[in-house]
Amino acid sequence: MDNIIIRGGTPLSGSVEASGAKNAALPLLAASILVEGPVVYHRIPHLKDITTMMTLISYQGAEVAFDDRSCIHIDATSADKPEAPYELVKTMRASALVLGPLLARFGTAKVSLPGGCAIGARPIDMHLKGLEAMGATINVEHGYVEANAPKGLKGATIVFDQVTVTGTENLMMAAVLADGETVLENAAREPEVVNLAASLRDLGAVIEGDGSNRIVIRGVSSINSGAMTAIPDRIEVATYLAAAMITGGDITVTQSDAKALKAFLARAADAGVTVETGKDWIRCKADQRLKPVNIHTQPHPGFPTDLQAQFMAMMCIADGACTISETIFENRFMHVQELVRMGADIQLDGHTAIVKGVAKLSGAPVMATDLRASASLVLAGLAAEGETKISRVYHIDRGYERIEEKLMKLGANIKRQSASEHQITGNIPLYA
Ligand code: EPU
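All of these numbers come straight from a predicted model, not from anything done at the bench. (Residues numbered from 1 in each chain as written. Predicted model: local features only at pLDDT ≥ 70, side-chain atom pairs only at ≥ 80, totals over all residues. Heavy atoms only, no water.)

## A few points about the site of the ligand
Defined as follows: By convention in this text, a residue qualifies as near a molecule or strand provided that one of its non-hydrogen atoms is within 4 Å of it. Pairs of N or O atoms within 3.5 Å make up the polar contacts considered here, provided that, within protein, one atom can donate a hydrogen while the other can accept it, and that residues adjacent in sequence are counted only when both atoms are side-chain atoms. In these tables, accessible area is a Shrake-Rupley quantity obtained with a 1.4 Å probe, and a residue counts as shielded only by the protein chains included in the view. Secondary structure elements are defined from DSSP: runs of H or I of at least 4 residues count as helices, runs of E of at least 2 residues count as strands, and each element is numbered from the N terminus. Polar here means any residue other than Ala, Val, Leu, Ile, Met, Phe, Trp, Tyr, Cys and Pro, which are nonpolar, and Asp, Glu, Lys and Arg, which are charged; Gly is therefore polar.
Around the ligand sit 22 residues, and of these Asp-125, Thr-164, Thr-166, Asp-306 and Ile-328 come closest. The contact in question runs from an oxygen atom of the ligand to an N or O atom on the side chain of Lys-22, over 3.3 Å. Between Asp-306 and the ligand, the recorded distance is 2.6 Å, taken from a side-chain N or O atom to an oxygen atom. If the ligand stood free it would expose 830 Å²; the protein chains cover 88% of that surface. Mapped onto the shell around the ligand, the elements with two or more residues apiece are helix H1 (22-30), helix H5 (125-133), helix H6 (165-176) and helix H12 (371-383). Ranked by residues supplied to the shell around the ligand, first place goes to H5 with three residues. Taken together, the residues that form the shell around the ligand break down as 10 nonpolar, six polar and six charged.

Structure below.
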């Protein structure tokens, strides 16, 4: 397993280009199952989770290929195996996104139930209830969801108990080929949901209301071949902007979309950072000690849970105390103990962290526990005095494309140490 080693204390500056969004690309790729014909994908990031989704779709019998411009081509005409095996689903929960499209296209699907997750229980009960409302029979047996709708899915009104991003995406994809109208109430408003709806519309789906909490889908008998493009990764963008803020630097992220990050940028401005935005760029410049800012995570357009850990890292060196409340996931504070090892002063009280800013963090060996927690440790390492060694960086690689290269370009002293370079070897006799 690789490590990332950072020598902190350098203010970062310059410009960096945003990658396509992982959480937009995953449902777009899953939507290929709905199409009997080729779909070409643009701006799909090179990430482990993307490879897992491509493997899953090819396991189902689709043809998956790359071209020399980094575009992905998927033709699911020949797909004939509506299954998602445990071996793939256990490495990526978002594999459950194939359930809706498989059921819509084949009238049957067998998808492994995702297990627990580092940040919370994350059940998919609302996905399943929605499919049942659309006429599917669902059985959960031997760790698999077996869903059947031999006569096809039927439009229904589904009221989500709680806002769910992939739940909204799954049911939207299921409804595209269903008979009649489906209404999703209390639907997720995330930009990734809008990206999926707009892309499906381009291929002939009839969808209205995406971006609001009521989405209406009128089923069609088929959708066409075409192209889909992932939106900029707003979480990656904000993570690089946070790198400017935590190091007292000045970073512009190009090919990005400020409208998708309103809550984050507003809180950054509250922290005393100069925020400038253009049509497709965002600049953050920090030239004073950060002010403490309270945040609580919420579904979009509120403050994203996927940026809670990164904002906490910034607040660790703010000039005063603040509270950070996590309302989406029950266990998304695993970075706290690692930040404390770097000198942060954080107390946990249920779903709230009380962060008292310290003058400086100090580099330490720390462990990445999930994707966004890892990003917070990278940020803390960039600001800390001395060396920070982050282990288990495969978590970071699930969501950040070439993170050390991008940060290096901005002036960071960062390197990746491959597994073979850091093995601790002792004087152990060989067992002959
Ligand atoms: N929930 C249920 N039942 C369900 C579905 C969700 O109880 O059937 C609960 C979850 O346990 C959670 C809340 O509802 O407490 C919201 O979860 P949601 O379903 O919105 O999360 P998700 O769709 O599984 C996506 C992103 C996450 C991001 C969340 C929240 C993808 C592939 N994943 O997950 O991204 O944190 O929405 O915005 O889109 C990440 O990228 O690091 C990441 C975890």
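Moving on from the coordinates now.
## Points about the packing of aromatic side chains
The criterion, for reference: Centres within 6.5 Å are what make two rings of Phe, Tyr or Trp a pair, Trp counting through its six-membered ring; a difference in plane orientation under 30 degrees is then read as stacked, over 60 as edge-to-face, and the rest as tilted. Buried residues are those whose accessible area, probed at 1.4 Å on protein chains only, stays under 20% of the maximum for their type, while exposed residues exceed 50% and partly exposed ones sit between those limits.
A full pass over the atoms with the stated rule returns three aromatic pairs. When the centroid spacing of 6.2 Å and the interplanar angle of 85 degrees are considered together, the rings of Phe-264 and Phe-311 count as edge-to-face. In this pair, Phe-264 is assigned in helix H9 (residues 262-270) and Phe-311 in helix H10 (residues 308-315), connecting sequence segments 47 residues apart. The same class applies to Phe-264 as to Phe-311, namely buried.

## What about the sheet that holds strand E15 (residues 250-254)?
The strands making up a sheet associate through hydrogen bonds between their backbones, and the pairing can be parallel or antiparallel. Definition in use: Note on pairing: two strands pair once DSSP finds at least 2 bridges between them. For helices, the fitted line uses only the C-alpha atoms of the stretch in contact; every axis is such a line through C-alpha atoms, and the angle between N-to-C directions lies from 0 to 180 degrees. In this analysis, two residues are considered to be in contact whenever any of their non-hydrogen atoms come within 4.5 Å of each other.
Spatial ordering of the open sheet is given by E2-E15-E17-E16, a layout of four strands whose pairing is mixed. Strands at the two margins of the open sheet, each flanked by one partner only, are strand E2 (13-17) and strand E16 (274-277). Averaged over all pairs of adjacent strands, the angle between strand axes in this sheet comes to 15 degrees, irrespective of strand direction. Where E2 and E15 come together, five bridges link them in parallel fashion. Bridge pairing in E15 links Ser-13 to Asp-250. Helix-sheet contacts for helix H8 (residues 234-247) involve E2, E15 and strand E17 (281-285), and the interaxial angle to E15 is about 165 degrees. Of the strands in this sheet, E16 and E17 touch H9, which is tilted by about 145 degrees from E16.

## Structural notes on unusual backbone geometry
Along the chain, His-300 connects to Pro-301 via a cis peptide bond; the corresponding omega equals 10 degrees. Relative to the assigned elements, Pro-301 resides in the loop between strand E18 (295-296) and H10. With a phi close to 50 degrees, His-142 is a non-glycine residue in the positive phi region. Structurally, the position occupied by His-142 is in the loop between strand E8 (137-141) and strand E9 (144-148). Given the relative accessible area of 76%, His-142 is considered exposed. Of note in this structure, Gln-255 is not a glycine but carries a positive phi near 55 degrees.

## Quick word on the environment of Ala-359
Relative to the helices and strands, Ala-359 is located in the loop between strand E21 (352-356) and strand E22 (365-367). When the C-alpha atoms of Ala-359 and Asp-319 are compared, they prove to be 7.8 Å apart, with 40 residues separating the residues in sequence.

## Concerning the sheet that holds strand E3 (residues 38-42)
Taken in spatial order, the four strands line up as E4-E5-E3-E14 in an open sheet, and their pairing is mixed. Since the sheet does not close on itself, it has two edges, and those belong to strand E4 (63-66) and strand E14 (226-229), each with one partner. Pairs of neighbouring strands in the sheet enclose a mean axial angle of 20 degrees, with direction left out of account. Bridge count for E4 against strand E5 (residues 72-75) is four bridges, and the pairing is antiparallel. Along E5, the bridge assignment pairs Val-64 with Ile-74.

## So, the environment of Ala-197
Within the fold, Ala-197 resides in helix H7 (residues 191-202). Distance from Ala-197 to Ser-225, taken between C-alpha atoms, is 15 Å for residues 28 residues apart in sequence.

## Focus: the packing of H8 against H12
Worth spelling out the cut-off: Note on angle classes: values under 35 degrees are labelled roughly parallel, values over 145 roughly antiparallel, values of 65 to 115 roughly perpendicular, and the remainder oblique. Take the far helix as your reference; a near helix turned counterclockwise from it by less than a right angle gives a left-handed crossing, and one turned clockwise gives a right-handed crossing.
Axis separation between H8 and H12 bottoms out at 9 Å; the angle between their running directions is 25 degrees. Accordingly, the angle class assigned to the pair H8 and H12 is roughly parallel. Seen from above, H8 lies across H12 with right-handed handedness. Contacts between H8 and H12 involve Ile-235, Thr-239, Ala-242, Ala-243, Ile-246 and Thr-247 from the former and Arg-372, Ala-375, Leu-379, Ala-380, Leu-382 and Ala-383 from the latter. For the contact of H8 with H12, the class distribution of residues is nine nonpolar, two polar and one charged.

## Quick look at H8
This is how it is decided: Helix span, as expected, comes to 1.5 Å for every residue beyond the first.
Counted at 1.5 Å a residue, the expected span for H8 with its 14 residues is 20 Å, and the 20 Å between its end C-alpha atoms agrees. When you tally the buried positions in H8, you get 14 out of 14 residues, the bulk of the element. Where H8 terminates, the next one or two residues include Gly-248, which has phi positive at roughly 70 degrees.

## Side note on the side chain of Ser-374
Looking at the secondary structure, you find Ser-374 in helix H12. For Ser-374, a relative accessible area of 0% corresponds to the buried category. Among the polar contacts listed, one links the side chain of Ser-374 to the backbone oxygen of Asp-370, at a separation of 2.4 Å.

## With respect to the nonpolar core
Among soluble globular proteins, nonpolar side chains are generally buried collectively. Convention followed: We define a nonpolar core as any set of buried Ala, Val, Leu, Ile, Met, Phe, Trp, Tyr and Cys residues linked to one another through side-chain atoms lying within 4.5 Å.
Ranked by internal contacts, the top residues of the largest apolar core, which has 76 residues, are Met-53, Met-172 and Leu-200. Look past the residues within four positions of Leu-200 in its chain and what remains in contact with it is Ala-31, Leu-34, Met-172, Met-173, Val-176, Ala-205, Ile-207, Ile-223 and Met-228. One finds Ala-263, Met-315, Val-336 and Ala-368 within the second-largest nonpolar core, a separate group that totals 73 residues.

## Examining the pattern of salt bridges
Filter applied, for reference: Throughout this description, the term salt bridge denotes a Lys or Arg side-chain nitrogen within 4 Å of a carboxyl oxygen of Asp or Glu.
With the rule as written, the count across this model stands at 22 salt bridges. Among the ionic contacts, a cluster of salt bridges with common partners joins Asp-2, Asp-397, Glu-404 and Arg-416.

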